[in-house]
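An overview of the molecular structure
One letter stands for each residue in the lines below.
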Amino acid sequence: MTLNPTARNYRVAVAAYEAGRPSYPAEIVAALPLRDARCVVDLGAGTGKFTRLLLPHLSETARLVAIEPVAEMSAKLANEAGIEVINSRADAINLETGSVDLVTCAQAFHWFDNEASVAEIARLLHPEATLALVWNNRDDRAPWVDALSVMIEKYAEDTPRQRSGHWRWILQDSRFVLEKEIVREHPHRMPRQGVYERVVSTSYVANLPDAEKAAIRDRTDAILREAGLGEADEVVFPYVTQLFLLKRV
């Protein structure tokens, strides 16, 4: 199995991803079984936005492993004390069977919601261990955010996305039991420029020709102006964060 070609586009979107993407609510991190964990794997760690939040909640002897296939993304974690980085796909993780207490997938599981990767996750987790699926979703109830989504989605084609719902098959998989679902509103305050960076940090937008990106920038500015945000220094970008906690059985 090979890495989805669209995921490779993140190689040119590292700066935009860091600048434009939100962090995660403290309540989501607090819901994870971190205190007694001996080994935690953050799968599809990207630039480490979620990984860094886990570290303060772990014991000094715990192992925190960030798995990320795109080396340009994980380079942001290369010098982080206490975090081990492995550049590999989700279906080929070189860790011992049953050695992991918690696997987290933040903004990532839809990229590898296939049987090979789920079988690998199940192999790593010992019985009663936890799989946590987390997403920050744009809150399209805000008209201007919905307008951004309409603009972005026209480039999506068949790119794996959380919005497709394809990933939900794991909620019925016999290897796991869904223990808890948490949904929280998560407003993210950011510079107005960050809205464009959020748009171009989307995998299927990141590698578009410069002329198309210029048109997207113009349309983004127009959407913000129409929402009365054209002259704002900062914008509150609304998100809804979802957490699904599954137990390995």
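Notes on the structure in this doc start here.

Rules behind the numbers
- Sequence order sets the numbering: in each chain, residues are counted from 1 along the sequence as written.
- Whole-chain, interface and lining totals are the exception, using all residues; otherwise, since this is a predicted model, local features are given only for residues with pLDDT of at least 70 and side-chain atom pairs are given and counted only at 80 or more.
- The basis for every side-chain value is the complete set of non-hydrogen atoms in the structure, without hydrogens or water.
- Each residue's exposure class comes from its accessible area (1.4 Å probe, protein chains only) as a fraction of the maximum for that residue type: buried when under 20%, exposed when over 50%, partly exposed otherwise.
- Runs of E in the DSSP output that reach at least two residues are strands. Runs of H or I that reach at least four are helices, and both are numbered from the N terminus.
- A pair of strands is labelled paired if DSSP reports no fewer than 2 bridges between them.
- Think of it like this: strands point away, you trace from the first strand over the helix to the second, and a clockwise trace means the crossover is right-handed.
- Every axis corresponds to a line fitted to the C-alpha atoms, with the helix fit spanning only the stretch in contact, and the corresponding angles, defined between N-to-C directions, vary from 0 to 180 degrees.
- To sort the angles, those under 35 degrees are grouped as roughly parallel, those over 145 as roughly antiparallel, those from 65 to 115 as roughly perpendicular, and the leftovers as oblique.
- In this scheme the crossing of two helices becomes right-handed for a clockwise turn of the near helix relative to the far one and left-handed for an anticlockwise turn of less than a right angle.
- A contact between two residues is defined here by any heavy atoms of the two lying within 4.5 Å.
- Polarity classes work like this: nonpolar for Ala, Val, Leu, Ile, Met, Phe, Trp, Tyr, Cys and Pro, charged for Asp, Glu, Lys and Arg, and polar for all others, with Gly in that last group.
- Each pair of aromatic rings taken from Phe, Tyr and Trp, with Trp reduced to its six-membered ring, is defined by centres within 6.5 Å and is described as stacked if the planes are under 30 degrees apart, edge-to-face if over 60, and tilted in the remaining cases.

1. Some thoughts on the pairing of strand S5 (residues 125-138)
Successive residues of a regular strand alternate their side chains across the two faces of the sheet. For S5, the buried fraction is high: 12 of the 14 residues fall into the buried class. Relative to S5, strand S4 (residues 100-106) runs parallel, the two being bridged by six bridges. Considered in S5, the bridge of Ala106 is made with Val134. The β-α-β motif built from S4, the intervening helix H5 (residues 115-124) and the parallel element S5 has right-handed crossover chirality. Note: S5 against strand S9 (residues 239-248), nine bridges, orientation antiparallel. Residue pairing in the sheet places Asn137 in a bridge with Val240 of S9.

2. A look at the packing of helix H7 (residues 192-200) against helix H9 (residues 210-226)
Interaxial distance between H7 and H9 falls to 10 Å at its minimum, and their mutual angle equals 135°. Comparing the axis directions of H7 and H9 gives the class oblique. In this structure, the crossing between H7 and H9 has a hand that is right-handed. On H9, the residues touching Arg192, Gln193, Val195, Tyr196 and Val199 of H7 are Lys213, Ile216, Arg217, Thr220, Asp221 and Leu224. Its residues assigned to classes, the contact of H7 with H9 shows five nonpolar, two polar and four charged.

3. Regarding the packing of aromatic side chains
Summed over the entire model, instances satisfying the criterion amount to seven aromatic pairs. On the numbers, 5.7 Å between centres and 90° between planes, the contact of Phe109 with Phe112 is edge-to-face. Side by side, Phe109 and Phe112 carry an identical accessibility label, which is buried. Note on Phe237 and Tyr239: the rings are 4.9 Å apart at their centroids and 25° apart in plane angle, and the pair reads as stacked. Classification of Phe237 as buried rests on a relative accessible area of 0%. Classification of Tyr239 by relative accessible area gives buried; the value is 1%.

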